[in-house]
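Take a look at the letters that make up each chain.
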Amino acid sequence: WRAAWATGPEKPDLQTAIAPVCAGEFVGVLALTCAAHEASAAVLARGLAVLLERELSWQQQQASLQTSHDQLFALLQATPLALYSLTLEGLVKHWNTAAEQTLGLLKADVVGQKLEDAQLNAAFAALRHNLRSGQTPITQQINQLRPDSTARMLELKAAPFSEGAQLLGLVGVARELTDSS
């Protein structure tokens, strides 16, 4: 604008003198802005692509984890071993079909509840106490009457279940020691 200001026979007014410069600067700023936006758009597109890939990867990992969980759950339900888990407060968290048969209590009646069977409840309380004392693995044996009033001996084995350093409860296996033949 200085050149325009100095070259004219008359000094142009300021608006006339700087309009071409401002227009040029505006076009330059607009071009830089557009280039910056294109670069930003490219970075944004690459970032979105990475996020989508991570999301898909996370979804695949979740699906794989769910499949593994379902397979493990099916295996735990189908095993002939009587498996159970309890919280430190004595709430039953897991009770498979073999536990129903071995311990004589239905899963629907015990999961989410404390055991009402006094003898089993006392045995599980002893397991939890020993677990808190640091003894692992732990075993309890109890004599129990079958529904037909014959005696049997049960063995309950348990080990701690924890998340990190926090003890959450116990997992275990029950079996009948008495020969049922």
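The preceding data block contains the structure.
Predicted model only: the values in this text are computed from it and were never measured.

Within the protein, the regular secondary structure consists of 5 helices and 5 strands. Traced from its N-terminal end to its C-terminal end, the protein shows the element sequence α-α-β-β-α-α-α-β-β-β. Contacts in the protein between residues at least 24 apart in sequence constitute 38% of all its contacts with a sequence separation of at least 6. With the model as given, the accessible surface of the protein reaches about 12400 Å², and the carbon-plus-sulfur share is 60%.

Moving on to the nonpolar core. Among the nonpolar cores identified, the biggest contains 23 residues, and Tyr84, Trp95, Leu103, Phe124, Leu127 and Leu156 are the most heavily contacted of them. Of all elements in the fold, only strand S1 (82-87), strand S2 (92-95), helix H3 (97-103), helix H5 (118-132), strand S3 (138-145), strand S4 (151-163) and strand S5 (166-176) reach the threshold of two or more residues within this core. The element that contributes the greatest number of residues to this core is H5, accounting for 5 residues.

What you see with S3 is a clean split: Ile138, Gln140, Ile142 and Gln144 sit on the buried side and Thr139, Gln141, Asn143 and Leu145 on the side with no burial. Bridging between S3 and S4 involves 8 bridges; their strand directions are antiparallel. Bridged to Gln140 within S4 is Leu156. Here S3 hands over to S4 after 5 residues, with Ser149 in that stretch at a positive phi of 75°.

One open sheet accounts for 5 strands, arranged S2-S1-S5-S4-S3; its pairing is antiparallel. Taken across any chain shown, the strands that pair with only one partner, and hence form the sheet edges, are S2 and S3. Strand-to-strand, the axes of this sheet are offset by a mean angle of 25°, without reference to chain direction. Relative to S5, S4 runs antiparallel, the two being bridged by 10 bridges. Bridge assignment links Lys157 to a residue of S5, and that residue is Val173. Across the sheet, H5 touches S1, S2, S3, S4 and S5, and the angle it forms with S3 is around 175°.

Turning next to the environment of Arg175. Tracing the backbone shows Arg175 in strand S5. Judged by relative accessible area, which is 45%, Arg175 ranks as partly exposed. Polar side-chain contacts of Arg175 include one of 2.7 Å to the side chain of Glu155.

Tracing the sequence through the fold places Thr79 in the loop between helix H2 (14-78) and S1. Since its relative accessible area comes to 18%, Thr79 is described here as buried. Not counting residues up to four positions away in its chain, the partners in contact with Thr79 are Asn96 and Ala98.

Turning to the pattern of salt bridges, a few remarks are in order. Inspection of every chain in the model, using the stated rule, returns 2 salt bridges. As a salt-bridge pair, Arg152 and Glu176 come within 3.6 Å of each other at their nearest N and O atoms. Within this pair, whereas Arg152 is found in strand S4, its partner Glu176 is found in strand S5, the two being separated by 24 residues in sequence. For Glu155, the salt bridge goes to Arg175, with nearest N and O atoms at 2.7 Å. Residue Glu155 is found in strand S4, and its partner Arg175 is found in strand S5; the two are separated by 20 residues along the sequence.

Helix length check: H5 (15 residues) gives 21 Å between terminal C-alpha atoms against 21 Å at 1.5 Å per residue, within 8%. For H5, the set of buried residues is Leu120, Ala123, Phe124, Leu127, Arg128, Asn130 and Leu131. Seen from one end, H5 has its buried residues packed into an arc of 165°, which puts them on one side. Seen from the open side of H5, the exposed residues pointing more than 90 degrees away from its buried face are Ala118, His129 and Arg132. Looking at the buried positions of H5, the neighbouring elements they touch are S1, S2, H3, S3, S4 and S5.

The rules we used
Residues numbered from 1 in each chain as written. Predicted model: local features only at pLDDT ≥ 70, side-chain atom pairs only at ≥ 80, totals over all residues. Heavy atoms only, no water. Helix = DSSP H or I, 4+ residues; strand = E, 2+ residues; numbered from the N terminus. Contact = heavy atoms within 4.5 Å. Areas by Shrake-Rupley, 256 points an atom, 1.4 Å probe, with all protein chains shown as cover. Core = buried A, V, L, I, M, F, W, Y, C linked by side-chain atoms within 4.5 Å. Buried < 20%, exposed > 50% of the residue type's maximum accessible area, 1.4 Å probe, protein only. Pairing = 2+ DSSP bridges. Axes fitted to C-alpha atoms, helices over the stretch in contact; angles between N-to-C directions. Polar contact = N/O pair within 3.5 Å; in protein donor to acceptor, adjacent residues only side chain to side chain. Salt bridge = Lys/Arg side-chain N within 4 Å of Asp/Glu carboxyl O. Expected span 1.5 Å × (residues − 1). Arc of directions from axis to C-beta.

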